[in-house]
Amino acid sequence: MFPATTVRSRRRDLAVFLALAFGIPWLLWVVRLLTGVDLIAAGGMLAAGLATFVTVRWVRRSRDARRETALAPLGPARRLLRFCLVGLLLPLVFAFAAIGIGALAGVYPLDLTGFSGLRSVYAPATLGEHGVPVGLILYALAVNLGLFALLLPLAFCEEWAWRGYLLPALRPLGLWPALLLSGLIWGLWHLPGYVGPQGGSGLLPFLITAIFYGVLLGWLRLASGLIWPGVLAHAANNTLITGFVNVVLADDDPVALANPWTVGLSGWPGWLLMLAAVAVLAVHARRAPQKTDETPGLDSLPAPRTSGSSTTRSGPARQTGPGH
């Protein structure tokens, strides 16, 4: 069992983190209610990063915060690059596949002759034209790649918080409880954006998506030992998937595209794909041999050291990546 002082310290750290991460978005919700100015999305993402910084640096006073929150070490480079490619490309593959599943199920038709969904968003004046608009596709991709680059700092703030700090903090509960609970907490953190006359209907499907996607992001963090692949996956979901994949393939059907239960990766087609991926990961984790110190696995999370002691703290276990 953990010493009572260690348990109290861990609970204090977690309480400070959650109070800041959740409190600031709700303050921004009050600002929106009073002024109409909506800063919840960007401000909330920054708040998650601030909560992590305050908790790790000032409350816990970690001696090696970069390793404990999966910012380092960055080597070996090939391994990091491989996981970053997985983080960037796999969500896009899943998103295209989810759109295809929805189309095959008859949820919405695909328009691969006129590309009306793409035209309605990026070139409304060309609606009704036929043929593959290569230039327009490249333009839409460029726009979303630009947004992807701009969003990376905010995606970093979130991943540093939810997968860098929170997931390891919950690891004493067990691998899968930590993955699922961290995804649920991440989803509930978005609640201020859904409280209002137009947002409530999408909350439940969003929570389901957050849990599934959070498990996959958590796996990337634990398997790679770093948050950087998850940062790319997070930013890709918020830009390339929502602004490019969905409109390139989905027909311009306002009813179908407005249904949060059915559209792409964030609807039931995407849930099926992510559930299958989670099942594969669960089987792999059960069958995987014990990892060495040089090859971190999902269960290899060494405990951090605190600034006030030369012994290892028996607090939340944290993976430090290869070569620690």
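All of the points below concern the structure found in this document. This is a predicted model, so every value here is computed, not measured.

Attention now goes to the overall build of the chain. The number of helices and strands found in the chain is 11 helices and 0 strands. Along the chain direction, N to C, the helices and strands of the chain fall in the order α-α-α-α-α-α-α-α-α-α-α. Counting every position in the chain, which comprises 324 residues, the buried fraction comes to 49%. Within the chain, counting contacts between residues at least 6 apart in sequence, those at least 24 apart form 72% of the total. For the chain, the exposed area adds up to about 15,200 Å²; of that, 69% sits on carbon and sulfur atoms.

Moving on: the layout of surface pockets. Summary: where empty space remains is shown by rolling a probe the size of a single water molecule over the atoms. Taken as a whole, the largest pocket holds about 930 Å³ of empty space. Lining of the largest pocket is provided by 38 residues; of these, His-190, Tyr-194, Phe-206, Asn-237 and Asn-238 occupy positions nearest its centre. At the level of elements, α1 (4-35), α2 (40-59), α6 (134-169), α7 (175-189), α8 (203-224) and α9 (228-249) are the ones that each hand at least two residues to the lining of the largest pocket. At 7 residues, α9 tops the list of elements feeding residues into the lining of the largest pocket. Its residues assigned to classes, the lining of the largest pocket comprises 22 nonpolar, 13 polar and 3 charged.

On to the packing of α8 against α9. For the pair α8 and α9, the least separation of the axes is 8 Å and the interaxial angle reads 155°. When the axis of α8 is compared with that of α9, the two are roughly antiparallel. Listed contacts from α9 to Tyr-213, Leu-217, Leu-220 and Ser-224 of α8 are Pro-229, Gly-230, Ala-233, His-234 and Asn-237. Of the residues that constitute the contact of α8 with α9, the class distribution is 5 nonpolar, 4 polar and no charged.

Below, the discussion takes up the pattern of salt bridges. In the structure shown here, the tally under the stated rule is 7 salt bridges. The partner of Arg-60 in a salt bridge is Glu-68, with the nearest N and O atoms 3.1 Å apart. With a relative accessible area of 5%, Arg-60 lands in the buried category. Two residues, Glu-129 and Arg-119, come together in a salt bridge whose shortest N-O distance is 3.6 Å. With Glu-129 in the loop between α5 (116-122) and α6 and Arg-119 in helix α5, the pair connects residues that are 10 residues apart, well separated along the chain. Overall, Glu-129 belongs to the partly exposed group, its relative accessible area being 43%. Members of the salt-bridge network, linked through shared partners, are Arg-12, Asp-13, Arg-60 and Glu-68.

Let us look at unusual backbone geometry. For the bond running from Ala-72 to Pro-73, omega is 0°, close enough to zero to count as cis. Omega for the bond connecting Gly-75 with Pro-76 falls within 30 degrees of zero, at -5°, which places this linkage in the cis form. Mapped onto the secondary structure, Pro-76 falls in the loop between α3 (65-68) and α4 (77-104). Even without glycine at this site, Arg-61 takes up a positive phi of about 55°. Among the structural elements, Arg-61 can be located in the loop between α2 and α3. By relative accessible area, which is 52% here, Arg-61 ends up exposed.

Looking now at the environment of Leu-191. Secondary-structure assignment places Leu-191 in the loop between α7 and α8. A relative accessible area of 26% means that Leu-191 is categorised as partly exposed. The sequence separation of Leu-191 and Phe-206 amounts to 15 residues, and the corresponding C-alpha distance is 9.9 Å.

For α2, the complete set of buried residues consists of Ile-40, Gly-43, Gly-44, Met-45, Ala-47, Ala-48, Gly-49, Ala-51, Thr-52, Val-54, Thr-55 and Val-56. One or two residues past the end of α2 sits Arg-61, with phi positive at roughly 55°.

Here α4 contains 28 residues, and its C-alpha end-to-end distance of 40 Å stays within 8% of the 40 Å for a straight helix at 1.5 Å per residue. Along α4, the helix axis deviates most sharply at Leu-89, where the bend reaches about 25°; the proline Pro-91 sits within four residues downstream. Arg-79, Leu-80, Phe-83, Cys-84, Gly-87, Pro-91, Leu-92, Phe-94, Ala-95, Ala-98, Ile-99 and Gly-102 are the residues of α4 that are buried. One or two residues past the end of α4 sits Gly-106, with phi positive at roughly 80°.

A few words now on the packing of α2 against α6. Axis separation between α2 and α6 bottoms out at 8 Å; the angle between their running directions is 45°. Taken together, the axes of α2 and α6 are oblique relative to one another. Two packed elements cross with a definite hand, and for α2 against α6 that hand is left-handed. For the pair α2 and α6, the contacting residues are Ala-42, Met-45, Leu-46, Ala-48, Gly-49, Thr-52, Phe-53, Thr-55 and Val-56 in the first and Leu-151, Leu-154, Ala-155, Cys-157, Glu-158, Trp-160, Ala-161, Trp-162 and Tyr-165 in the second.

Calculation criteria
Residues numbered from 1 in each chain as written. Predicted model: local features only at pLDDT ≥ 70, side-chain atom pairs only at ≥ 80, totals over all residues. Heavy atoms only, no water. Helix = DSSP H or I, 4+ residues; strand = E, 2+ residues; numbered from the N terminus. Buried < 20%, exposed > 50% of the residue type's maximum accessible area, 1.4 Å probe, protein only. Contact = heavy atoms within 4.5 Å. Areas by Shrake-Rupley, 256 points an atom, 1.4 Å probe, with all protein chains shown as cover. 1 Å grid on protein atoms, 1.4 Å probe; cavity = no way out; pocket = protein on both sides within 12 Å on 5 of 7 lines; lining within 4 Å. Points joined across faces, edges and corners; volume = space filled by probe spheres on them. Nonpolar A, V, L, I, M, F, W, Y, C, P; charged D, E, K, R; others polar. Axes fitted to C-alpha atoms, helices over the stretch in contact; angles between N-to-C directions. Parallel < 35°, antiparallel > 145°, perpendicular 65-115°, else oblique. Salt bridge = Lys/Arg side-chain N within 4 Å of Asp/Glu carboxyl O. Expected span 1.5 Å × (residues − 1). Bend = angle between axes of the 7 residues up to and from the residue. Left-handed = near helix turned anticlockwise from the far one by under 90°.

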